[in-house]
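Residue-level structure breakdown
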Amino acid sequence: MLKMSDEEVLKHITTYEAPPAGFDPQAAEDRLLRKHGIPRRPDAAKEPHLRKLWDEAFASKPKFIKAEVAVDHVMAKRQRAVMEKKSGTDEFSPSGWAGVVVPVSKFSYKPPEPVNNVYGEWTIPSITPLAKEPAQGEIVGFWVGIDGYGNGQVLQAGTAATISGKNVVNWVWTEWFPLPPITVTNFPIKVGDHVTMLVCAPQTNHGFCSMLNKTTNVTTSIGITPPANVTSIGATAEWIVEGISSILPDFSPVVFSNAAAGTKDHAFNMAGGIIVEITGTGGANLTSASILSPTSAQIKWLKSS
């Protein structure tokens, strides 16, 4: 992760003014959607699943807010699993991730097309500490993303939870690693809330995240410019639980649902994805992940011995 001041990090972040009262995304011109950071209107023919989700989200008439952002110093301190050297390139070890990874190389698109959007939703799970928790608390993250599996950068957005004693805090965050992560301070979440996350790389040098809390019906979006010499590869789409602290807290089973991803001209889901697990000392699995359907996966916590 790059060492940058908070001011330097926030120069890479774009926030969007909320649209005026009565604004209807379903009837709005594309230019107005872009102006207010509202996700593009998916093509009904090429992306029927995404279009259905888009229509349902905005039929609920959510409250749009302008994101208030700050550097997420909790997530910024994580060790990003274990970095490995392969052929002179930094790569993430999957040992800190549990969930589903779909490599775009599994498809026969000609010419090959990179992943440029990933969507998922989940209910914020409860977490409980292990008996010997570290002083700084136990932390776990839940996210969707592009890249990071087999390469040294990832564009992602999700939720996180930390517990220290009986104190539990949940929050939302996004990042384009190796840029430090940011959190949206005016987008509260709590256990039991149902959230959605959409991550896009509409251009290789521009990222976009849109989040909706379906329980509170509040939505916002953030734009991200990557650090110098970093561009989106679009090699994989992911739906992931990540161990952030040195000890993985006990989390109630989490289901990523309505999973969808795509390239410029093709839509896909979790079908044929790779299952990854968080491993502990000696390589034992700390999680159990399974694909329930092409659009959903469940990740459970396993008590370590």
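See the structure shown above.
Attention in this report is confined to the structure presented alongside it. (Residues numbered from 1 in each chain as written. Predicted model: local features only at pLDDT ≥ 70, side-chain atom pairs only at ≥ 80, totals over all residues. Heavy atoms only, no water.)

Here we come to the overall build of the chain. Along the chain, the regular secondary structure elements total 4 helices and 22 strands. Relative to the globule expectation of 19 Å for 305 residues, the C-alpha radius of gyration of the chain, 18 Å, shows essentially globular dimensions. Considered along the principal axes of its C-alpha atoms, the chain spans approximately 55 × 45 × 40 Å. Within the chain, the fraction of its 305 residues that count as buried is 51%. Put simply, of all contacts in the chain between residues at least 6 apart along the chain, 69% involve residues at least 24 apart. Side-chain charges of the chain comprise 27 positive and 28 negative groups, with the mean position of each set lying 2 Å from the other. (Helix = DSSP H or I, 4+ residues; strand = E, 2+ residues; numbered from the N terminus. Rg over C-alpha atoms; globule rule 2.2 N^0.38 Å. Buried < 20%, exposed > 50% of the residue type's maximum accessible area, 1.4 Å probe, protein only. Contact = heavy atoms within 4.5 Å. Lys, Arg positive; Asp, Glu negative; His and termini not counted. Charge placed at Lys NZ, Arg CZ, Asp CG, Glu CD.)

What follows is about the pairing of strand β10 (residues 154-164). Summarising burial for β10: 10 of the 11 residues are buried, a large majority. Relative to β10, strand β9 (residues 138-147) is paired through 10 bridges, and the arrangement is antiparallel. Its bridge partner being in β10, G141 is matched across the sheet by A160. What sits between the antiparallel neighbours β9 and β10 is a turn of 6 residues, in which G148 has the positive phi angle 100°. Note: β10 against strand β11 (residues 167-177), 11 bridges, orientation antiparallel. In the strand pairing of β11, T162 is matched with V169. Counting the residues that bridge the hairpin from β10 to β11 gives 2 residues, and of these G165 lies at a positive phi of roughly 70°. (Pairing = 2+ DSSP bridges.)

For the structure on display, the rule yields 8 aromatic pairs. Ring plane angle 45° and centroid distance 4.8 Å describe the contact between F107 and F268, whose orientation is recorded as tilted. Placement of F107 in the loop between β6 (97-103) and β7 (117-123) and of F268 in strand β19 (residues 267-268) is noted, with a sequence separation of 161 residues between them. These aromatic residues form a ring-pair network of at least three members: W54, F58 and F64. (Phe/Tyr/Trp six-rings, centres within 6.5 Å; stacked < 30°, edge-to-face > 60°.)

For T204, the location among the structural elements is in the loop between β13 (194-203) and β14 (206-213). T204 sits in the partly exposed class, given a relative accessible area of 45%. Spatially, the C-alpha atom of T204 lies 4.7 Å from that of S232, the residues being 28 residues apart in sequence. With sequence-adjacent residues up to four places away left out, T204 is seen in contact with W176, T231 and S232.

Mapped onto the elements, K66 comes out in the loop between β2 (63-64) and β3 (69-71). C-alpha separation for the pair K66 and H36, spaced 30 residues apart in sequence, amounts to 8.9 Å. The residues touching K66, leaving out its near neighbours within four places in the chain, are T15, Y16, E17, A18, N186 and T220.

A word on helix α3 (residues 48-59). Here α3 spans 16 Å end to end across 12 residues, near enough to the 16 Å set by a 1.5 Å rise per residue. Every buried residue belonging to α3 is among L50, L53, W54, A57 and F58, and all of these are buried. For α3, the arc enclosing every buried residue in end-on projection is 120°, short of the 170-degree limit, so these residues lie on one face. The elements touched by buried residues of α3 are α2 (30-35), β2, β7, β14 and β18 (254-262). Where α3 terminates, the next one or two residues include K61, which has phi positive at roughly 55°. (Expected span 1.5 Å × (residues − 1). Arc of directions from axis to C-beta.)

Let us now look at the nonpolar core. Grouped together as the largest cluster of nonpolar side chains are 57 residues, with contacts concentrated most on W122, W239, V241 and F251. Core analysis: the second largest hydrophobic core is formed by 13 residues, M75, A160, W171 and I240 among them. (Core = buried A, V, L, I, M, F, W, Y, C linked by side-chain atoms within 4.5 Å.)

Bringing the pattern of salt bridges into the picture now. In the structure shown here, the tally under the stated rule is 10 salt bridges. Residue D55 pairs with R51 through a salt bridge whose shortest N-O separation is 3.2 Å. On the criterion of helical spacing, the pair formed by D55 and R51 is a turn pair, its members being 4 residues apart in helix α3. Exposure remark for R51: the relative accessible area of 22% places this residue in the partly exposed category. As a salt-bridge pair, D265 and K264 come within 3.8 Å of each other at their nearest N and O atoms. Classification of D265 by relative accessible area gives partly exposed; the value is 30%. A cluster of three or more residues bridged by salt bridges with shared partners is formed by K46, K264 and D265. (Salt bridge = Lys/Arg side-chain N within 4 Å of Asp/Glu carboxyl O.)

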